[in-house]
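# Breakdown of the fold
Here is what each chain is made of, one letter per residue.
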Amino acid sequence: TMSHNDDLQNLFDDANGHLAVGELDEAIALYRSCCALDPEFFDGWHALGMALLKIGNVKEAIGCGLQSVTMYVRDGNIPEAEAAKGNARILSLGGKIVR
């Protein structure tokens, strides 16, 4: 329904607002709500992973990253999936790119 998408977008906008002013816990709670409301919401998973990373919750951040990779793969966007998987690997190494 239309209202479902509006709710989702409003939640996401709120979360982004909290994130912008450094209120990470509030942002994370809202991003979680986005993902609960719509488990297919790629941007929500991606943003949740980034926010979790900022507070040092690396393990859960990687989980969110993998969730978004799964969506890419299922939708057939293989190059993006590979890139996202590469990013997840970088995250798992503590954000350091290994040459």
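Residues numbered from 1 in each chain as written. Predicted model: local features only at pLDDT ≥ 70, side-chain atom pairs only at ≥ 80, totals over all residues. Heavy atoms only, no water.

## What to know about the confidence of the model for the protein
So the rule is basically this: Confidence of the prediction at every residue is given by pLDDT, a number between 0 and 100. Helix numbers and strand numbers start at the N terminus; a helix is a DSSP run of H or I with at least 4 residues, a strand a run of E with at least 2.
On average, residues of the protein score 83 in pLDDT, and 71% of them reach the 70 mark or higher. Per-element mean pLDDT across the protein ranges from 64 in helix α5 (residues 78-92) up to 96 in helix α2 (residues 24-37).

## Remarks on the packing of aromatic side chains
Quick reminder of the rule: Centre distance within 6.5 Å is the pairing criterion for rings of Phe, Tyr and Trp, where only the six-membered ring of Trp is used; planes under 30 degrees apart are then read as stacked, over 60 as edge-to-face, and the remainder as tilted. Relative accessibility under 20% of the residue-type maximum defines a buried residue, over 50% an exposed one, and the middle range a partly exposed one, all with a 1.4 Å probe and only protein chains included.
Going through the model one piece at a time under the given rule, you end up with two aromatic pairs. Taking the centre distance of 5.7 Å and the plane angle of 55 degrees together, the rings of Phe12 and Tyr31 count as tilted. With Phe12 in helix α1 (residues 2-20) and Tyr31 in helix α2, the pair connects residues that are 19 residues apart, well separated along the chain. The class for Tyr31 is buried, based on a relative accessible area of 0%. On the basis of an interplanar angle of 80 degrees and a centroid distance of 5.1 Å, the ring pair of Phe12 and Phe41 is categorised as edge-to-face. Taken together, the residues span a long stretch of sequence, with Phe12 in helix α1 and Phe41 in the loop between α2 and α3 (42-54) at a distance of 29 residues. With a relative accessible area of 11%, Phe41 lands in the buried category. Put simply, the rings of Phe12, Tyr31 and Phe41 pair up and form one aromatic cluster.

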